[in-house]
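Here is how the chains run, residue by residue.
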Protein chains: 2
Amino acid sequence: MFAEAEADPVLTKEAFKPLEAKLRVALLNAQYQRLQKAEKSLLVVVAGIDGAGKGATVNLLNEWMDPRHIKTLAYGPPEGEELERPPMWRYWKDLPPKGSTGIVFGSWYAPLIREASRKHPNQDSIEAQSVAIRRFEAMLAAEGTQIVKLWFHLSSDAQRARAKRLLASPETSWQVSPIDLKVHKKYDRIRNSGQVVINHTDSGHAPWVVIPSADENMRAARTAEAVLAAMRQQSVPRIPPTFVAHTGPARILDRLGQLDYDAKLDREDYESELGLLQGRLARAARSKKFQERSLVLVFEGQDAAGKGGAIRRITHALDARQYDITPVAAPNSYESSRPYLWRFWRHVPGRGRIAIFDRSWYGRVLVERVEKITPPSHWRRAYAEINDFEAQLAGSGALVLKFWLAITADVQLERFKDREKSPFKNFKITPDDWRNRDKWKEYAAATNEMLARTDVKHAPWHLISANDKRYARLQVLWHIVEALENQL
Amino acid sequence: MFAEAEADPVLTKEAFKPLEAKLRVALLNAQYQRLQKAEKSLLVVVAGIDGAGKGATVNLLNEWMDPRHIKTLAYGPPEGEELERPPMWRYWKDLPPKGSTGIVFGSWYAPLIREASRKHPNQDSIEAQSVAIRRFEAMLAAEGTQIVKLWFHLSSDAQRARAKRLLASPETSWQVSPIDLKVHKKYDRIRNSGQVVINHTDSGHAPWVVIPSADENMRAARTAEAVLAAMRQQSVPRIPPTFVAHTGPARILDRLGQLDYDAKLDREDYESELGLLQGRLARAARSKKFQERSLVLVFEGQDAAGKGGAIRRITHALDARQYDITPVAAPNSYESSRPYLWRFWRHVPGRGRIAIFDRSWYGRVLVERVEKITPPSHWRRAYAEINDFEAQLAGSGALVLKFWLAITADVQLERFKDREKSPFKNFKITPDDWRNRDKWKEYAAATNEMLARTDVKHAPWHLISANDKRYARLQVLWHIVEALENQL
């Protein structure tokens, strides 16, 4: 794997100059033709032996390509708001839009490389991290992000010689950090970790390329060639099944059909119970223990099922500084130029905070499926991607609760008519709402499949009978309060 | 000022019901007609006596208006990344886009109210804060943001009675926090602070409205009426001169014309000096003291003056995790739907970080002026707004350095021709660049005026002779290194 790179091959100036001119033209063309016209993005992941010129790569690509469409994404140890969220949050949030390139330092490989270069690496951790990375990259590839991963490599002798040469002059000695001097003692371990990482995560859609780095010209040429090859990749390659997250076969029940829609509550019981539940919610949300957790609430349901009213009964008990409501509609151009889940990752709450989604990422397997906005291959893999996303939320300490507010077709009709008649409610009803009614059965089927595939312990669905608004609101509040009180 | 509110007026249910229906329709219409069609945004600032129902206002407006276009912006004491930046950063970053409404809790008034309600308020601080707020709001108003500021008020007796009533039942007692109980002892002080704040910051373009809040119906109706009046405000009102930041008369010199364009450097001196300066920069940027500061670098200059090359000589000495390069072009729709400086505030660096702007906010008084993209009334006030912005950066510990790379028309022509000939440089030249050359004199005049009006001590301009690229690059590096070494 490293044999060629450790021979420290050299590219002479005479050979390099004509190659450089050709590569620069090709890179620019690929940037315009392959990325911008085809609406794809590119991630260049940078890793390898220290002192092999990873940093110089940024300058090279910025000089050789059009730098207006390149963003350097560099990460150190997680800190501040990063620590309050799943580890992948910081990478998600920075994903470049279509047409542009991200150069990633200290990527999602940093923890894996660290683990693999320990004296006694934990094999389970290596396996688990590799699986997570493979899923992440497969998802990116499927969403139109090209990935190429560069491992900068040179021989141990060349590494030592480079440090010596740079240290000899005050004009270059600053390029050698104390860390560089230390790590060359660990050469073998980092080399081994490279092998482990490449073996576990190399793939057709996100290949690792070893860059011989002892010679500057060779390094530049090979880097450019690897980036070029990635940009020229024709279409999304077939992603091997072992790289994709799966939801197993699920027994799809007609949960919507089997719900008891007659549940109701009279006004007096409601008012009193509402106050008590809101009191419990207020106390739980202000508790010390909640300051170490977070809460993610998802609201879905038929049009006019009462999502907005249920949400207001929750927020009434909360401090306005504590929550955010994200109403979800069709993505705007800013959002649709990134992988699907990006716009939701942006709203992942920090500690002590509550994120409320009025509609959500489930649009992928509901409206986008039924209205044929998204091809089946895309929404089918969404179940697993969503489960992955929510597992990461739960894993970082978030309580994830999902509510489906269910009404019957006749109640919806009544409410639609009411809305049309009321001068201050008719903004809530559009021709779309009427059209959706025609597809009631398709939506019900999509909902039942969604419930079957994504009702998981760490992020449960609560299917709420909502023909009676009072009953539904208290049910929602009760589930939230119970979950908070049990978990805190 | 508070006489009416302290009489605790009541609106009966009979009077409220028909009014409510009318107000809701009017609010919705105004939201669509006045905000969305006219491309304006609205900020509702919420303040007042504790326990007067500030929180209920969020629920009210979300229920009465279309909640998809309302965002609650609530702030507590500054924390985390907020502390590393100017105090106004968090408000800037959250400014709502055109067509939408922000409800602001814990706004820019919080520190002023706190100061004014102290036993012995510092009058200088009150004056200074008021001036800053007035400028901020005048700028927002001039950029198409309607502002209305609500002071929720009730009598001391009503405040006490409300707490008692709520505490009497477990269904409502949670609505009274221990803080509420404490603050009613401070009623007089908060009342006084309200008077001070309103006297200092009330204006036609950002009025304060006192909302009688003892009675829920009255509070709801008056809130709705105040918000409605703000949305209906026809156009940007005349902003009184005392509210606007001014740049005094400036003597505009022909600094561009007087520059020595013959300065140059031979290759050998350059290579050696470059390494030494980069070494000093690397050390300064990695120093402990810099971790408490930040650096903002602005690059402007004629097309082909060598901004990109100068920037790469800087970043070569830096850790990729430490800096961000923001290339500035015409704003996209996401950016242009907010006040002008918004997109730059987003990139204000945190501690220990370096923000590099390849072109900048000065586009307002350069390309936007010369190309008549922005009317004179707007770019004329930009000088003062920019000075304000940079003063805030410097005030929060940022070093702000601005570079104008200056070349002569003949050198530009040479470089343009070179670019056209080179297969990997011709992406850098567009018909726009040629067109700009025809307006060389207009650009020079705009540049000289900009230098005269915005070359300030806390954010100096360095006018760099750039006909010789090597000379220019070293000059830039030298100024940065000197500034860092002197200040750290």
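Residues numbered from 1 in each chain as written. Chains lettered and ligands numbered in written order. Predicted model: local features only at pLDDT ≥ 70, side-chain atom pairs only at ≥ 80, totals over all residues. Heavy atoms only, no water.

With an unreviewed UniProt entry as reference, chain A is termed Polyphosphate:AMP phosphotransferase, source organism Achromobacter pulmonis.

Caption draft 1: A look at the overall build of chain A. Secondary structure assignment for chain A yields 21 helices and 10 strands. By its C-alpha atoms, chain A is 85 × 45 × 40 Å across when sized along the principal axes. Intrachain contacts of chain A at a sequence separation of at least 6 include 82% that bridge at least 24 residues. With the model as given, the accessible surface of chain A reaches about 21500 Å², and the carbon-plus-sulfur share is 51%. (Helix = DSSP H or I, 4+ residues; strand = E, 2+ residues; numbered from the N terminus. Contact = heavy atoms within 4.5 Å. Areas by Shrake-Rupley, 256 points an atom, 1.4 Å probe, with all protein chains shown as cover.)

Caption draft 2: Representation of the pattern of salt bridges within the structure. Residue and element names in this part refer to chain A. Under the criterion given, the structure shown has 64 salt bridges over all chains. Residues Asp66 and Arg68 are paired through a salt bridge, measuring 2.6 Å at the closest nitrogen-oxygen approach. Judged by relative accessible area, which is 1%, Asp66 ranks as buried. Here Glu449 and Arg369 are joined by a salt bridge, their closest N and O atoms 3.0 Å apart. Residue Glu449 is found in helix H20 (residues 440-454), and its partner Arg369 is found in helix H16 (residues 367-370); the two are separated by 80 residues along the sequence. The same class applies to Glu449 and to Arg369, which are both buried. (Salt bridge = Lys/Arg side-chain N within 4 Å of Asp/Glu carboxyl O. Buried < 20%, exposed > 50% of the residue type's maximum accessible area, 1.4 Å probe, protein only.)

Caption draft 3: Spatial organisation of the UniProt feature "domain: Polyphosphate kinase-2-related" (unreviewed entry) in chain A. UniProt's entry tags residues 20-235 and 265-487 of chain A with the feature "domain: Polyphosphate kinase-2-related" (unreviewed entry), counted in the numbering of this structure. As annotated, residues 265-487 of chain A comprises 52% helix and 14% strand, and the C-alpha atoms at either end are separated by 28 Å. (UniProt positions renumbered as here; feature names shortened; annotations may be inferred.)

Caption draft 4: Main features of helix H3 (residues 54-64) of chain B. The buried fraction of H3(B) amounts to 8 of the 11 residues, a majority that puts the element mostly inside the structure. Of all the positions in H3(B), only B:Lys54, B:Thr57, B:Val58, B:Asn59, B:Leu60, B:Leu61, B:Asn62 and B:Trp64 are classed as buried.

Caption draft 5: Region of interest: unusual backbone geometry. Positioned with a positive phi, B:Glu39 is a non-glycine residue whose angle comes to about 55 degrees. Looking at the element boundaries, B:Glu39 is found in the loop between helix H2 (13-36) and strand S1 (41-48).

Caption draft 6: Inspection of the nonpolar core at higher detail. Within the largest apolar cluster, 286 residues are counted, with the highest numbers of intra-cluster contacts made by A:Trp361 and B:Trp361. Filtering out sequence-adjacent residues up to four positions away, B:Trp361 remains in contact with B:Val296, B:Val298, B:Tyr340, B:Leu341, B:Phe344, B:Ile386, B:Phe389 and B:Glu390. (Core = buried A, V, L, I, M, F, W, Y, C linked by side-chain atoms within 4.5 Å.)

Caption draft 7: A look at the interface of chain A and chain B. Of the residues lining the interface, 47 residues belong to chain A; the matching set on chain B comes to 47 residues. Counting across the interface, chain A meets chain B through 4 salt bridges. Our enumeration of links across chain A and chain B arrives at 9 residue pairs in polar contact (both at pLDDT 80 or more). The leading source of residues in the side of chain A that touches chain B is helix H12 (residues 267-286) of chain A, at 8 residues. (Polar contact = N/O pair within 3.5 Å; in protein donor to acceptor, adjacent residues only side chain to side chain.)

Caption draft 8: Summary view of the packing of aromatic side chains. If you walk through the whole model with that rule in mind, you get 43 aromatic pairs over all chains. Geometrically, the ring pair formed by A:Trp379 and A:Tyr383 is edge-to-face, given 6.4 Å between the ring centres and 90 degrees between the ring planes. Separated by 4 residues within a single helix, A:Trp379 and A:Tyr383 lie in helix H17 (residues 376-395), roughly one turn from each other. We classify A:Tyr383 as buried; its relative accessible area is 2%. Lying across the ring of B:Trp89, B:Arg85 places its NZ or CZ 4.5 Å from the centre. Over the ring of B:Trp89 we find B:Lys93; its NZ or CZ atom is 5.3 Å from the centre of that ring. (Phe/Tyr/Trp six-rings, centres within 6.5 Å; stacked < 30°, edge-to-face > 60°. Lys NZ or Arg CZ within 6 Å of the ring centre and 35° of its normal.)

Caption draft 9: Region of interest: the domain arrangement of chain A. Residue and element names in this part refer to chain A. According to the domain assignment, chain A contains domain 1 (2-237) and domain 2 (253-487). Taking only C-alpha atoms into account, the centre of domain 1 sits 41 Å from that of domain 2. Listed as interface residues are 18 residues of domain 1 and, on the opposing side, 20 residues of domain 2. Contact between domain 1 and domain 2 buries roughly 1700 Å² in total, counting both sides, with carbon and sulfur atoms accounting for 54%. Inspection of the region where domain 1 meets domain 2 yields 3 salt bridges. One salt bridge in this structure joins Glu143 and Arg364, with 3.0 Å as the shortest N-O distance. Counting across the domain 1 and domain 2 interface gives 13 residue pairs in polar contact (both at pLDDT 80 or more). At the level of elements, helix H4 (89-93) and helix H6 (123-142) are the ones that each hand at least two residues to the side of domain 1 that touches domain 2. The leading source of residues in the side of domain 1 that touches domain 2 is H6, at 4 residues. (Domains from an automatic or database assignment. Buried area = accessible area lost by both parts, 1.4 Å probe.)

Caption draft 10: How the structure looks around helix H13 (residues 307-315) of chain A. The buried fraction of H13(A) is high, at 8 of 9 residues. Restricting attention to buried positions, one finds in H13(A) the residues A:Lys307, A:Gly309, A:Ala310, A:Ile311, A:Arg312, A:Arg313, A:Ile314 and A:Thr315.

Caption draft 11: Region of the structure containing the sheet that holds strand S6 (residues 294-301) of chain A. Residues and elements named next belong to chain A. The sheet built from 5 strands is open, its strands ordered S7-S8-S6-S9-S10 with parallel pairing. Among the strands making up the open sheet, the edge pair consists of strand S7 (323-327) and strand S10 (461-465). Direction aside, neighbouring strands of the sheet carry axes that sit 20 degrees apart on average. Alignment of S6 against strand S9 (residues 398-406), held across 8 bridges, turns out to be parallel. Residue Val298 lies in a different strand from S9, and its bridge partner there is Lys402. In the packing of H13 onto the sheet, the strands contacted are S6, S7, strand S8 (354-358) and S9, and the crossing angle to S6 comes to about 160 degrees. The strands touched by H17 within the sheet are S6 and S9, with S9 carrying the most contacts at an inclination of about 135 degrees. (Pairing = 2+ DSSP bridges. Axes fitted to C-alpha atoms, helices over the stretch in contact; angles between N-to-C directions.)

Caption draft 12: The relation of the copies chain A and chain B, seen in detail. Least-squares fitting of chain A to chain B yields an RMSD of 0.0 Å, with the transformation described by 0.0 Å of translation along the axis and a rotation of 180 degrees. Considering both components of the superposition, the chain copies are consistent with a two-fold axis. Using C-alpha coordinates, one finds that chain A approaches the rotation axis most closely at A:Gly80, a distance of 3.3 Å. Here 100% of the interface residues in chain A have copies in chain B that are interface residues too; the copies meet face to matching face. (Least-squares fit on C-alpha atoms with pLDDT ≥ 70 in both.)

Caption draft 13: Structural view of a negative patch on the surface. Residues and elements named next belong to chain A. Taken together, the side chains of Asp266, Glu268, Asp269 and Glu273 present a region of like negative charge at the surface. Residue position: Asp269 is located in helix H12. According to the relative accessible area criterion, Asp269 is partly exposed, its value standing at 46%. (Patch = residues over 30% accessible without salt bridge, like charges linked within 9 Å, V, L, I, M, F, W, Y side chains within 5 Å. Lys, Arg positive; Asp, Glu negative; His and termini not counted. Charge placed at Lys NZ, Arg CZ, Asp CG, Glu CD.)

Caption draft 14: Here's a closer look at the side chain of B:Asp433. Residue and element names in this part refer to chain B. Take Asp433: it is sitting in helix H19 (residues 431-438). Buried charge Asp433 goes without a salt bridge, the closest partner of opposite sign being Arg419 at 5.4 Å. Contact partners of Asp433, with chain neighbours within four places excluded, come to Asp303, Phe416 and Lys428.

Caption draft 15: The arrangement of the pairing of S6(A) in detail. All names here are of chain A. For S6, the tally of buried residues reaches 8 of 8 residues, placing the bulk of the element in the interior. Of the two faces of S6, the one holding Ser294, Val296, Val298 and Glu300 and the one holding Leu295, Leu297, Phe299 and Gly301 are both buried throughout. Where S6 and S8 come together, 5 bridges link them in parallel fashion. When the sheet's bridge partners are listed, Val296 is paired in S8 with Ala355.

Caption draft 16: Region of the structure containing the sheet that holds strand S8 (residues 354-358) of chain B. Residues and elements named next belong to chain B. Strand order across the open sheet formed by 5 strands is S7-S8-S6-S9-S10, with parallel pairing between neighbours. Two strands close off the open sheet at either side, each with one partner strand: strand S7 (323-327) and strand S10 (461-465). Sheet twist, expressed as the mean angle between neighbouring strand axes with direction ignored, is 20 degrees. The sheet strands contacting helix H13 (residues 307-315) are strand S6 (294-301), S7, S8 and strand S9 (398-406), and the helix crosses S6 at an angle near 160 degrees.

Caption draft 17: Representation of the environment of A:Arg453 in the model. Residues and elements named next belong to chain A. Considering the arrangement of structural elements, one finds Arg453 in helix H20. For the pair formed by Arg453 and Asn387, sequence separation is 66 residues and the distance between their alpha carbons is 8.6 Å. There is a polar contact of 2.8 Å between the side chain of Arg453 and the side chain of Glu449.

Caption draft 18: Representation of the pairing of S10(B) in the model. Residue and element names in this part refer to chain B. Here S10 lies mainly inside the structure; 5 of its 5 residues are buried. Alternating residues of S10 divide into Trp461, Leu463 and Ser465 and His462 and Ile464, and every residue in both groups is buried. Pairing analysis gives 5 bridges linking S9 to S10, with the strands arranged parallel. Looking at the pairing, Leu405 lines up with Ile464 of S10.

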